Structure formats: structure tokens, C-alpha cells
Amino acid sequence: MTSERPPRKPATRLVEAGRRPEWTGPVVNPPVWRASTHLYASEGERKAALGGNEDGTFYYGRRGAPTQWALAEALTELEPGAHGTVLYPSGVAAIAGALMAVLHPGDVLLVSDNSYEPSRNIARGLLKRWGVEHRFFDPLDIDAYRAAFCERTRAVWLESPGSLTMEVCDVPALAAIAREKGATSLLDNTWATALGFAALDHGCDISVMSLTKHVGGHSDLMMGSASAGERWYRALRLTAQQLGQVVSPDDASLALRGLRTMGIRLEKSTASALAIAEWLATRPEVAHVLCPMLPGNPGHALWQRDFTGGCGLFSFVLKGGDDAARARLVDSLELFGIGYSWGGFESLALPFDPAPNRDASAWPRAGWNESDRLGIRLSIGLEDPADLIADLERGFAAMKDL
């Protein structure tokens, strides 16, 4: 008689997930299977494969091979409640593919007003041309959100925290209302990953990530994913196949390599980000630090309640000033690169102005001084935080130089 093995901890699953012996053979990692054509031993075997639309069944290159299957399986094992994961060639492709899997012409999509700009553009562009109506909502106003539903509302797009302005919304409450109204809830879970926020366990139907960020971890690949329970996984898979979505086995191999160390990278970048956020909160040049991990910060209570981890991404807002002063600060930084994306080993700084992209919520936020509007988003990498603080201190000095 054998006893049932207890569930393995996340750090162990990061190491073990997706490493089936039939995919790795005698080596540690799945080899890179570069293959467009899969061959069959017989006509009978080819016919048998026609009905086997599952990862692990050889068919044709668009459905992947062991390298991609191992990555998808590993991501599924990290997301409690997931039946499967679909891979996409970028995070934006994952967003578009997931929304197209749940929406039809004539439907209404509710979009959180703190969403990543490409998510907003998909709603305003691709989905609008497809006949889907979008409505933005303030993710912190639950009553207004509930009132935004109508008989045609079929999906809700959430992002928590917002990747620029860092609002943490009550995802379980928003997802529960969506379910009550017969709508599907989708969450961009790139910030925390499944290690820091179990999206499906908190009521969401589909969890979307840009694997370009924390999973890749080395700023050298583009990829996205969507994980879901069986019903929506089937819809995601079918839609992705109809759109011809496939990821490179070489990139899948890089993502698998990054995944193995993601936990310790997140721990390091989270600790450094919190130290830097605490320092920024003491600076006279800073009006607001937008970091949900920081005690006393808006959203901190929800972050403590729902999250089991964080990451190195947060923002701060300058006290007054103008764009030229902000540019002097950013241009003087030596250890922070200026660029999009985040979650890599290197630190980045990105000026942002969310006001033009707000439809249902104000920027600056209610209660702030009107002059406190210029933001800088920081992605904290693996450098020593003391060196990053010294770099920012030089930046503040440069901001004052005329």
C-alpha cells in the first residue's frame, strides 16, 4: 500500500514541472525539437493522430513538440485549478487570443481603466472592428463596475496591479460579480505570476501572462500564455490553432530555462524594490510612491490579503516639476536603462503619463495636487539595491540642474 504524495511546494514545482522522462530522455532539460513536419510510422498511425488534439500527440509543427509541451505543462502545474495552458508568440498575442476565444460580434467587454495600453488598443481597435463593444470601468469602484454590466456583457478584462499606476483591485469580488452576471473574467497576471497570485483560485476564469517578463527573465525572448480550466482551455486552444498561433521551440527552451530560476529572481527583485520604495518615500522630490508591497500604500491591504509574493515593478510620482526635469533625471541614470518591458535581470526606468489613457478614472488621483502628475516606472533587476539608490540619488540631483 502506498501513501499519497503531498502536494509539492511552488519552488519544487518550478524545478520539476514539465520534465517528463519521455520529453527529456537521459538529460535534464527537454531538447529543442525544431520540427515543422511530424512523420508517422504508418497510415493507421496518421489517422489515429487526427483525433488526438492534445499536447503530447505528434501531429504537425503548429501544435508544437516536446519543447513547447514541456513549457505549457510546467505553467499549468504552477497555476492551481488550471487544466491546460496555451502558448502565444507575445504577451499581446495572448491577450488578443484569449479575448477572441471568449467574445463574439455583438458582445460587450468591460475593461479595467488601469490596463496596459496594448490591452486598451485591442479593445478599441481589433475587437471594435470585429463588432465587440468595450466599456472602461474604474477597478476601485465596485458599485460603478456592477452597474456597467448589461445583458450583452460577456467578458471582463482585469489587471492587478496596473502595470503603470499600480492599483490593486479586489479581484475576487470583481470576478464573483462577473460570474453572477454570466460573464467570463480574464486577468493579466504578469506582475505577480501564479507564484504570487493564484488567479483561478481567486475566481478568475483565464489567467494571462507575458512570459517575456518574469518567466523569460533575461530580456531575450517574446512570448505569452493563457491558463484556464478545461472549458476555457479548450476554447483558447481551438482559437489559437485557428489563428495559426505557435511559438518557436528555441524560445520555449529559453522560457523553460528562465522558469527554473524565476522564484529566486522574484524574491531578490521584490526585496530590492521594497528597499528602494521605502527610500523614495523619504525623498522631498517624490509626491507618491506607487508600490502595493509598501505598508500604508493604497492597495496594500488587498495585496496582503490576496497575494503571496510580489515583484520588482513599481512606480513613483514626482512632486510638481516638468517633463524636462524628469528627462534630466532619467537621462542621468547609469544603472537604469530607458526601455519598455520589465522582469529582466537589469533595471529599467520609464517615464509615463497615464492621463490621456484614462476613461473612467482620474489622473492625478482624487486628493492629489494637480501638479503631481509626472510618473516614472521602475523595474528593479538583480543589481545591489544600494547601487541603484545611489544612481537614483544622482538622478534627483541632475533633475535640479538647469
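The structure under discussion appears in the preceding block.
Residues numbered from 1 in each chain as written. Predicted model: local features only at pLDDT ≥ 70, side-chain atom pairs only at ≥ 80, totals over all residues. Heavy atoms only, no water.

Trainee: So, the packing of aromatic side chains: which residues are in play, and what are the values?
Mentor: This structure, assessed with the given rule, holds 11 aromatic pairs. Seen in terms of ring centroids, tryptophan 33 and phenylalanine 58 are 5.6 Å apart; in terms of plane orientation they differ by 40 degrees. Their pairing is tilted. A residue pair is termed long-range when its members are at least 10 positions apart, and tryptophan 33 in the loop between helix H2 (21–24) and helix H3 (43–50) and phenylalanine 58 in the loop between H3 and helix H4 (66–78) qualify at 25 residues. Since its relative accessible area comes to 34%, tryptophan 33 is described here as partly exposed. Overall, the relative accessible area of 34% leaves phenylalanine 58 in the partly exposed class. Relative to phenylalanine 307, the ring of tryptophan 191 has its centre 6.0 Å away and its plane inclined at 85 degrees; by these criteria the two rings are edge-to-face. Here tryptophan 191, found in the loop between strand E5 (184–188) and helix H10 (193–196), pairs with phenylalanine 307, found in the loop between helix H13 (300–306) and strand E9 (313–318); they are 116 residues apart in sequence, far enough to count as distant. Accessibility expressed as a relative area gives 3% for tryptophan 191, which makes it buried. On the basis of relative accessible area, phenylalanine 307 is assigned to the buried category, the value being 9%. In this arrangement the basic side chain of arginine 120 is found over the ring face of phenylalanine 136, its NZ or CZ atom lying 4.2 Å from the centre. Here the basic side chain of lysine 213 rests over the ring of tryptophan 342, its NZ or CZ set 5.6 Å away from the ring centre. (Phe/Tyr/Trp six-rings, centres within 6.5 Å; stacked < 30°, edge-to-face > 60°. Helix = DSSP H or I, 4+ residues; strand = E, 2+ residues; numbered from the N terminus. Buried < 20%, exposed > 50% of the residue type's maximum accessible area, 1.4 Å probe, protein only. Lys NZ or Arg CZ within 6 Å of the ring centre and 35° of its normal.)

Trainee: Please provide a residue-by-residue account of the layout of surface pockets, values included.
Mentor: Its boundaries defined by the atoms lining it, the largest pocket holds a volume of some 700 Å³. What lines the largest pocket is a set of 36 residues, and nearest its centre among them are Tyr116, Glu117, Pro118, Ser163 and Arg377. Counting only elements with at least two residues in the lining of the largest pocket, the list comes to helix H5 (91–102), helix H6 (117–124), strand E6 (206–210) and strand E11 (347–352). Residue classes in the lining of the largest pocket are distributed as 15 nonpolar, 12 polar and 9 charged. Quantified by volume, the second largest pocket comes out at close to 300 Å³. If you list the elements that add at least two residues to the lining of the second largest pocket, you get helix H1 (10–16), H10 and helix H12 (249–280). Looking at which element gives the most residues to the lining of the second largest pocket, the answer is H12, with 7 residues. Along the lines of polarity and charge, the residues of the lining of the second largest pocket split into 8 nonpolar, 7 polar and 2 charged. (1 Å grid on protein atoms, 1.4 Å probe; cavity = no way out; pocket = protein on both sides within 12 Å on 5 of 7 lines; lining within 4 Å. Points joined across faces, edges and corners; volume = space filled by probe spheres on them. Nonpolar A, V, L, I, M, F, W, Y, C, P; charged D, E, K, R; others polar.)

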